[in-house]
Amino acid sequence: MARIVAVVTSDKEQVAGGAPIFITKDADEQQKVAFKLEKILDAMAHDLENGTMILVDHKSASV
C-alpha cells in the first residue's frame, strides 16, 4: 500500500495527522515546496485541488 510521506498546504485548518505538514503562504510557494520535496523524498506530488498537495511514496506498495 502506498503511504503519504508529507503534506503541503496553504490552509493549515484543512490538515492534521501523522505525516509532516508544510504550511506555505500561497499557491506559488506551495508548488515550489512540493516539487522540491518530491525530488528529495523520491515521492510523487498529488494536487488535491483544495489548497493541499500530498506527497506519496508509491514504491512502498510493491509486494
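Everything here concerns the structure above.
Residues numbered from 1 in each chain as written. Predicted model: local features only at pLDDT ≥ 70, side-chain atom pairs only at ≥ 80, totals over all residues. Heavy atoms only, no water.

Student: So what's going on with the pattern of salt bridges? Which residues, and what values?
Tutor: Side-chain pairing between opposite charges can occur once the charged atoms of the two side chains come close. Counted according to the given criterion, the structure contains three salt bridges. A salt bridge links Asp57 to Arg3; the shortest N-O distance between them is 3.8 Å. Here the residue Asp57 occupies a position in strand S4 (residues 52-57), and Arg3 occupies one in strand S1 (residues 3-9), the gap between them amounting to 54 residues. A residue is classified by how much of its surface remains accessible, and Arg3, at 46% relative accessible area, is partly exposed. (Salt bridge = Lys/Arg side-chain N within 4 Å of Asp/Glu carboxyl O. Helix = DSSP H or I, 4+ residues; strand = E, 2+ residues; numbered from the N terminus. Buried < 20%, exposed > 50% of the residue type's maximum accessible area, 1.4 Å probe, protein only.)

Student: Talk me through unusual backbone geometry; I want residue IDs and the actual numbers.
Tutor: The residue Asp42 is not glycine, and still its phi comes out positive at about 50°. Mapped onto the elements of the fold, Asp42 is located in the loop between helix H1 (27-41) and strand S3 (44-47).

Student: So, the environment of Val7: which residues are in play, and what are the values?
Tutor: Looking at the element boundaries, Val7 is found in strand S1. If sequence neighbours within four positions are ignored, Val7 has contacts with Val15, Ala19, Pro20, Ile21, Phe22, Thr52, Met53 and Ile54. (Contact = heavy atoms within 4.5 Å.)

Student: I'd like a rundown of the nonpolar core, residues and numbers included.
Tutor: Counting residues in each nonpolar core, the largest one holds nine residues, listed as Val5, Ala6, Val8, Ala34, Leu37, Ala43, Ala45, Met53 and Leu55. Counting residues per element, this core draws most heavily on S1, at three residues. (Core = buried A, V, L, I, M, F, W, Y, C linked by side-chain atoms within 4.5 Å.)

Student: I'd love a proper account of the sheet that holds strand S2 (residues 21-23), names of residues and values included.
Tutor: With mixed pairing, four strands are arranged side by side in an open sheet as S2-S1-S4-S3. Since the sheet does not close on itself, it has two edges, and those belong to S2 and S3, each with one partner. Strand after strand, the sheet turns through a mean of 25° between neighbouring axes, direction not considered. Where S3 and S4 come together, four bridges link them in antiparallel fashion. Bridge pairing in S4 links Ala45 to Leu55. H1 rests against S1, S2, S3 and S4 of the sheet, and its axis sits at about 5° to S4. (Pairing = 2+ DSSP bridges. Axes fitted to C-alpha atoms, helices over the stretch in contact; angles between N-to-C directions.)

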